[in-house]
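Breakdown of the fold
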Amino acid sequence: MVKTIDDFEFNEKTVLLRTDLNSEVTNGKVALSERIRLAVATIEELQKKKAKVVVLAHQGRPTDNDFTNLQQHADYLKKFIKIKFVNDIVGEKAQDAIKNLKQGQAILLEN
């Protein structure tokens with residue numbers, strides 16, 4: 001039997017969600033992509049289940065033309081769900097943001 005998100009209890013648990021938010025980038029502008037829209041459904045479902053959601057993603061590689069930080073992705077996500085962008089991935093800001101998450105809250109950590 002294949003398990004789905006509905007088979008698990010997430011109340012008060014911290015969930016690390018690695019998602020693919022890669023989108024087309026033109027002149028430094030990130031386009032709203034289907035990948036961003038699809039991530040919304042998963043994040044929203046975890047929030048409804050009272051999880052503390054930590055989202056990890058990236059956009060390209062530093063040597064690629066489509067490399068950018070995730071602020072624009074966060075701005076798109078915020079149009080659909082409540083999520084906070086944290087301009088850090090492993091440092092004190094990221095660690096504090098994760099520690100301070102409340103049930104049903106979500107953050108997107110920097111690339």
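As a starting point, this report considers the structure included with it. (Residues numbered from 1 in each chain as written. Predicted model: local features only at pLDDT ≥ 70, side-chain atom pairs only at ≥ 80, totals over all residues. Heavy atoms only, no water.)

**Some points on the sheet that holds strand S5 (residues 84–86)**
Read from one edge of the open sheet, four strands run S1-S4-S6-S5, paired in parallel fashion. Whereas interior strands pair on both sides, the edge strands pair on one side only; in this sheet they are strand S1 (14–18) and S5. Direction aside, the axes of adjacent strands within the sheet are offset by 25° on average. Of the strand pairs in this sheet, strand S4 (residues 52–56) and strand S6 (residues 106–109) are connected by three bridges, and their pairing is parallel. Residue pairing in the sheet places Val54 in a bridge with Ile107 of S6. Across the sheet, helix H1 (residues 34–48) lies against S1, S4 and S6, angled at about 175° from S1, the strand it touches most. Relative to S6, helix H3 (residues 92–99) is tilted by about 165°, and along the sheet it contacts S1, S4, S5 and S6. (Pairing = 2+ DSSP bridges. Helix = DSSP H or I, 4+ residues; strand = E, 2+ residues; numbered from the N terminus. Axes fitted to C-alpha atoms, helices over the stretch in contact; angles between N-to-C directions. Contact = heavy atoms within 4.5 Å.)

**Notes on the pairing of S6**
The alternating pattern of S6 places Ala106 and Leu108 on one face and Ile107 and Leu109 on the opposite face, and all of these are buried. When S5 meets S6, the two strands line up parallel, connected through three bridges. Across the sheet, the residue bridging to Lys84 is Ile107, located in S6. Each parallel crossover has a hand, and for S5 linked through H3 to S6 it is right-handed. (Buried < 20%, exposed > 50% of the residue type's maximum accessible area, 1.4 Å probe, protein only. Right-handed = clockwise from strand over helix to strand, strands pointing away.)

**Remarks on the packing of aromatic side chains**
We describe a pair of aromatic rings using the distance from one ring centre to the other and the angle between the two ring planes. With the rule as written, the count across this model stands at one aromatic pair. Judged by centre distance (6.4 Å) and plane angle (55°), the ring pair of Phe8 and Phe10 falls under tilted. Given the relative accessible area of 42%, Phe8 is considered partly exposed. By relative accessible area, which is 13% here, Phe10 ends up buried. (Phe/Tyr/Trp six-rings, centres within 6.5 Å; stacked < 30°, edge-to-face > 60°.)

**Let's talk about the side chain of His73**
With respect to the helices and strands, His73 occurs in helix H2 (residues 71–78). Not counting residues within four places of it along the chain, the set of residues in contact with His73 comprises Leu21, Ser23, Val30, Ile36, Gln59 and Thr68.

**Topic: the pairing of S4**
The buried fraction of S4 amounts to four of the five residues, a majority that puts the element mostly inside the structure. Sheet analysis places S1 next to S4, joined by five bridges and oriented parallel. Paired with Arg18 across the strands is Leu56, a residue of S4.

**Considering the environment of Lys79**
Position of Lys79 among the secondary structure elements: in the loop between H2 and S5. Note on Lys79: relative accessible area 62%, which makes it exposed. Along the backbone, Lys79 and Lys99 are 20 residues apart, and their C-alpha atoms lie at a distance of 25 Å.

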